[in-house]
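Examining the three-dimensional arrangement
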Amino acid sequence: CNDVAATGAEPVGILFTLLLPPGTGEDVLAPLIQEIHHTAAEINVAVLGGHTEITPVVNQVVVSATAVGKVTRENLVTSSGARPGDNIILTKSAGLEGTAILAGELAPLLSRHLPPGVLEGAQALGKQLSVIPEGTIAAGAGATAMHDVTEGGVRGALVELATASGVGLEVWEEAIPIAPETRAICQYLGIDPLGLISSGAMLITAPPKSQVMAALAQAGIPAHIIGRIQAQPGFFLVRGDGERKVLTVPGRDELYAALEKHAANRQP
């Protein structure tokens, strides 16, 4: 549904295909169906249908989802519409989903090494993963391009959007919002928050005179201008000391590096 919202569309329904390995019982299936139902209700979309099957071709539960949305032609936005001079806007903060996942998966470790309250705050970030409101608002306020920030984090999303639009970009590192909980967890684990999966954050480009920032503020959605689209090729991250660093897509999301490192350290 976030992907649908990144086009400016309003998600209205979703279909699921669930593939379950042999031996899977209702103790696994029932909670999954309930979670689908409750989440769909929270974001006001209908579960239109789908298919459930037990099959030996999978060794763990696989869920495939197709979301359906509606949008007027004039409000349709893609990831390829960014233009030189556009502001680059990021809603909420970098690493949202990754922070929530790490806080859940590595809770015993993190609770021993981080101040009280950090873990609780990090887990609460998992409630901010929808970008449906900012997608519809930004599309109606003059956004030229949008991209849901997922695997590869903000770094990956920036390069993907600029590549799709055929433009360059310059981003200011100190302008990128990072929640204190994200910063604390990433610093402890030794990972880059800008390369951490960030569902819940939307990357938006818009002309400086557009109403996007004002519309997001009016809706109570945190948003920050973090850079500018450039005509000349190249993707650059400008650090606080003025150093310009070439921005690249991470080889893999920082989430997997952190989880694999912790799993290896737990081996006997």
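Everything numeric in this text was worked out from a predicted model, so none of it was measured.

**Comments concerning the environment of glutamate 160**
Tracing the chain through its elements places glutamate 160 in helix H7 (residues 153-165). When its relative accessible area of 38% is taken as the criterion, glutamate 160 is described as partly exposed. For the pair formed by glutamate 160 and arginine 83, sequence separation is 77 residues and the distance between their alpha carbons is 14 Å.

**Here's the deal with the sheet that holds strand E1 (residues 10-20)**
Spatial ordering of the open sheet is given by E2-E1-E3, a layout of 3 strands whose pairing is mixed. The two strands at the open ends of the sheet, each matched to only one other strand, are strand E2 (46-54) and strand E3 (62-70). Between one strand and the next, the sheet's axes are offset by a mean angle of 15 degrees, whatever the strand orientation. In terms of strand pairing, E1 meets E3 through 9 bridges, oriented antiparallel. Looking at the pairing, proline 11 lines up with glycine 69 of E3. Running over the sheet, helix H2 (residues 26-42) touches E1, E2 and E3 and is turned about 170 degrees from E1.

**Structural notes on the pattern of salt bridges**
For the coordinates displayed, the defined rule picks out 6 salt bridges. Where glutamate 134 meets lysine 92, a salt bridge forms, and the shortest distance between an N and an O atom there is 3.0 Å. Taken together, the residues glutamate 134 in helix H6 (residues 132-140) and lysine 92 in the loop between strand E4 (87-91) and helix H3 (96-105) connect sequence positions 42 residues apart. Considered together, glutamate 134 and lysine 92 belong to a single accessibility category, that of buried residues. Among the salt bridges present, the one from arginine 244 reaches glutamate 170, with a minimum N-O distance of 2.5 Å. One end of the pair, arginine 244, is in strand E10 (residues 244-246); the other, glutamate 170, is in strand E6 (residues 168-172), with 74 residues separating them in the sequence. Of the residues examined, arginine 244 reaches a relative accessible area of 45% and is grouped as partly exposed. Salt bridges linked by common partners bring Glu173, Arg239 and Glu243 together as one network.

Procedures and definitions
- What you see as residue numbers is a count from 1 along each chain, following the sequence as written.
- Where totals are concerned, whole chains, interfaces and linings use all residues; where local detail is concerned, this predicted model gives features only for residues with pLDDT of at least 70, and gives and counts side-chain atom pairs only at 80 or more.
- Neither water nor hydrogens contribute to the side-chain values; these are computed over all heavy atoms in the structure.
- Strands here are runs of E lasting at least two residues and helices are runs of H or I lasting at least four, both read from the DSSP assignment and numbered beginning at the N terminus.
- Exposure classes here rest on a 1.4 Å probe applied to the protein chains alone. A residue is buried below 20% of its type maximum, exposed above 50%, and partly exposed in between.
- Two strands make a pair as long as DSSP finds a minimum of two bridges between them.
- Convention adopted: a line fitted to C-alpha atoms gives each axis, helices being fitted over their contacting stretch, and angles between N-to-C directions are expressed from 0 to 180 degrees.
- Should any heavy atoms of two residues lie within 4.5 Å, those residues are counted as being in contact.
- Just to be clear on terms, a salt bridge is a Lys or Arg side-chain nitrogen sitting within 4 Å of an Asp or Glu carboxyl oxygen.

Shape is all these values report; function is a separate question.
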